[in-house]
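# Structural characterization, general
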Amino acid sequence: MQTKELASLEGFLRVVSGANRVSVTGARPLAGGAIQQNLAVDVEFEGGTHSGRQGLVVRMDAPSAIPLSLTRSQEFHVLRAARAASVTVPEALWLCEDPRVLGRPFYLMQRMEGTTLGSRIVKDLALGGDRRSLIARLAVELARVHTVRPPHPQLDFLEMPVHQPALDAVLRYRRCLDDLGVSRPALEWGLRWCERFAPVTSEVVLIHQDFRTGNYMVDGDGLVSILDWEFAGWGDPMSDLGWFCARCWRFGRDELEAGGIGSREDFYRSYTDAAGRSIDEASVRYWEVMAHIRWAVIALQQGRRHTSGEEPSLELALIGRRPPELELEVLQMTAPGAWAGS
Amino acid sequence: MIRPEPKAAELLWLARKQLLDECLPELPQGKRYEILLIGAAMAVAAREMEAGDRPMLEATAGLRELYGVQPAHSDERSLRQSEFPGLLDRLARDIRGGSVDGSERVYTLLRTATMALVRESNPGLLRD
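Residues numbered from 1 in each chain as written. Chains lettered and ligands numbered in written order. Predicted model: local features only at pLDDT ≥ 70, side-chain atom pairs only at ≥ 80, totals over all residues. Heavy atoms only, no water.

Attention shifts here to the packing of helix α7 (residues 185-196) of chain A against helix α12 (residues 323-333) of chain A. Residue and element names in this part refer to chain A. One way to put it is that α7 packs onto α12 with a least axis distance of 9 Å and a crossing angle of 40 degrees. Taken together, α7 and α12 sit at an angle that is classed as oblique. Here α7 runs over α12; the crossing is left-handed. Only Glu 327, Val 330 and Leu 331 of α12 make contact with α7, whose side of the interface consists of Ala 186, Leu 187, Trp 189 and Gly 190. Looking at side-chain class alone, the contact of α7 with α12 contains 5 nonpolar, 1 polar and 1 charged residues. (Axes fitted to C-alpha atoms, helices over the stretch in contact; angles between N-to-C directions. Helix = DSSP H or I, 4+ residues; strand = E, 2+ residues; numbered from the N terminus. Parallel < 35°, antiparallel > 145°, perpendicular 65-115°, else oblique. Left-handed = near helix turned anticlockwise from the far one by under 90°. Contact = heavy atoms within 4.5 Å. Nonpolar A, V, L, I, M, F, W, Y, C, P; charged D, E, K, R; others polar.)

This is the structure:
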């Protein structure tokens, strides 16, 4: 962060916190976050609502975005709604939509300490405390997310499903492929299966839409925080379970079907107990197919951010090469035998 | 003029090995992720070079067989290259339109072609 930006941020923080003086004593980029940009900042407040030394995160738009993610303002409000529902999330403190401060909208949230790296969490059993307790805790957190229902006064920007969430997803990802101008017959095969076998839900709730290993933080004792709410929306609660259990998010621990860290049975049991909602297992399997399609579409969009020249990046370019792996999983889950009946 | 050995893919594999075996251990921890990304990109590029246009040519042959398309003339390679996008679009449209739901033939074609691409991007997946 440049000196001018630091001074601008300090000025903003002085106003919103009511402090007499604010000093940003440290600022460094946080790793991860191919879609948004996160900065860890250390701030000293003299007076005001947050007097003392605070560790915060500045979360702002990356130079280029992908169409499916929320704006910073929307994400800020989702985070607040989740916290009000007792989901373990960082406190979202201040939102700034004035481009004169840092050039683009941003918000500040409490900084948590721990590990988020999915590949590390699945391998290092010293992280996250007892694994069965962690899986149970994650299920409880997800159940809490799903207690938030429409209409919600702070979340009126979230679009309600037009048809059923499943069919809406089929149409959405077909539109994404059309907008990208790419022919991906393997994804079209999966989407056609999803169209034919779309589950019907009577419930529409707040869904995280990226609830997976890699998007929660743990320390040696257990869960620290649920993160990365930029894809939140209204939808079928089973879709969040499908995303969490999808093979593409197990980081190689395929035998541990719940997020690469625990058994599906344990996860389902804890979710059912906490949510008071039974699990439609066929629906979760459906949403696991859709999870691979969705991740493939996002990967294509990420790759396009690089190939278009909008945001040249080796990381984005490599993500853009991943769709065939996801397509193979889609195909394996929707082999001809899976098409009987509809 | 003929390029001397080693070929491009072999050069990439050599450079990657040097990067990961010799350079990575000497670099600060903060650079580790970036170097691993570079190594991953070199591996994908080398595998793509080794495969050449074989995956595309084989997929085109499969699509032509599926749609009963006969070649009009004998320049096979350039014909397949120019045909491939159109046949791919046609297959995507047919799948979306529901005319090949659950087709074993289409499935086999898709799976074979997709596995050829996974061999380039992440061959370790195919060993499971």
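Don't stop here, the text continues.
Opposite charge on two side chains permits them to pair, given that their charged atoms come into close proximity. Counted by the stated rule, this structure contains 38 salt bridges over all chains. Put simply, Arg184(A) and Glu327(A) hold a salt bridge, and the shortest N to O gap is 2.8 Å. Separated by 143 residues along the polypeptide, Arg184(A) in the loop between α6 (165-180) and α7 and Glu327(A) in helix α12 bring together distant segments of the chain. Given the relative accessible area of 2%, Glu327(A) is considered buried. Two residues, Asp101(B) and Arg196(A), come together in a salt bridge whose shortest N-O distance is 2.7 Å. Of this pair, Asp101(B) sits in the loop between α4 (76-97) and α5 (104-121) while Arg196(A) sits in helix α7, on two different chains. Among the residues examined, Asp101(B) registers a relative accessible area of 23% and is labelled partly exposed. On the accessibility criterion, Arg196(A) (27% relative accessible area) is partly exposed. (Salt bridge = Lys/Arg side-chain N within 4 Å of Asp/Glu carboxyl O. Buried < 20%, exposed > 50% of the residue type's maximum accessible area, 1.4 Å probe, protein only.)

Note on interface size: it is often stated as the accessible area lost on association of the parts. Between chain A and chain B, the contact holds 27 residues from the first and 33 residues from the second. Each partner contributes to the roughly 2,500 Å² buried at the junction of chain A and chain B, and carbon and sulfur atoms together form 65% of this total. Considering only the surface of chain A that becomes buried against chain B, Pro185(A), Trp189(A) and Arg321(A) emerge as the three largest contributors, covering 23% of it. Counting every contact that joins chain A to chain B gives 6 salt bridges. At the level of elements, α6, α7, α11 (314-319) and α12 of chain A are the ones that each hand at least two residues to the side of chain A that touches chain B. Of the residues in the side of chain A that touches chain B, the class split is 12 nonpolar, 3 polar and 12 charged. (Buried area = accessible area lost by both parts, 1.4 Å probe.)

Moving on: the environment of Gln301(A). Among the structural elements, Gln301(A) can be located in helix α10 (residues 281-307). C-alpha of Gln301(A) to C-alpha of Leu93(A): the two residues are 208 residues apart in sequence and 31 Å apart in space.

This part takes up the side chain of Ser239(A). Residue and element names in this part refer to chain A. With respect to the secondary-structure elements, Ser 239 resides in helix α8 (residues 237-245). At 2.6 Å, the side chain of Ser 239 and the backbone oxygen of Asp 236 are in polar contact. In contact with Ser 239, not counting residues within four places along its chain, are Ile 207 and Trp 287. (Polar contact = N/O pair within 3.5 Å; in protein donor to acceptor, adjacent residues only side chain to side chain.)

For the bond running from Pro150(A) to Pro151(A), omega is 0 degrees, close enough to zero to count as cis. By the secondary structure assignment, Pro151(A) is in the loop between α5 (131-145) and α6. At the junction of Glu5(B) and Pro6(B), the peptide bond is cis and its omega measures out at -5 degrees in the coordinates. Its place among the elements puts Pro6(B) in the segment before α1 (8-23).

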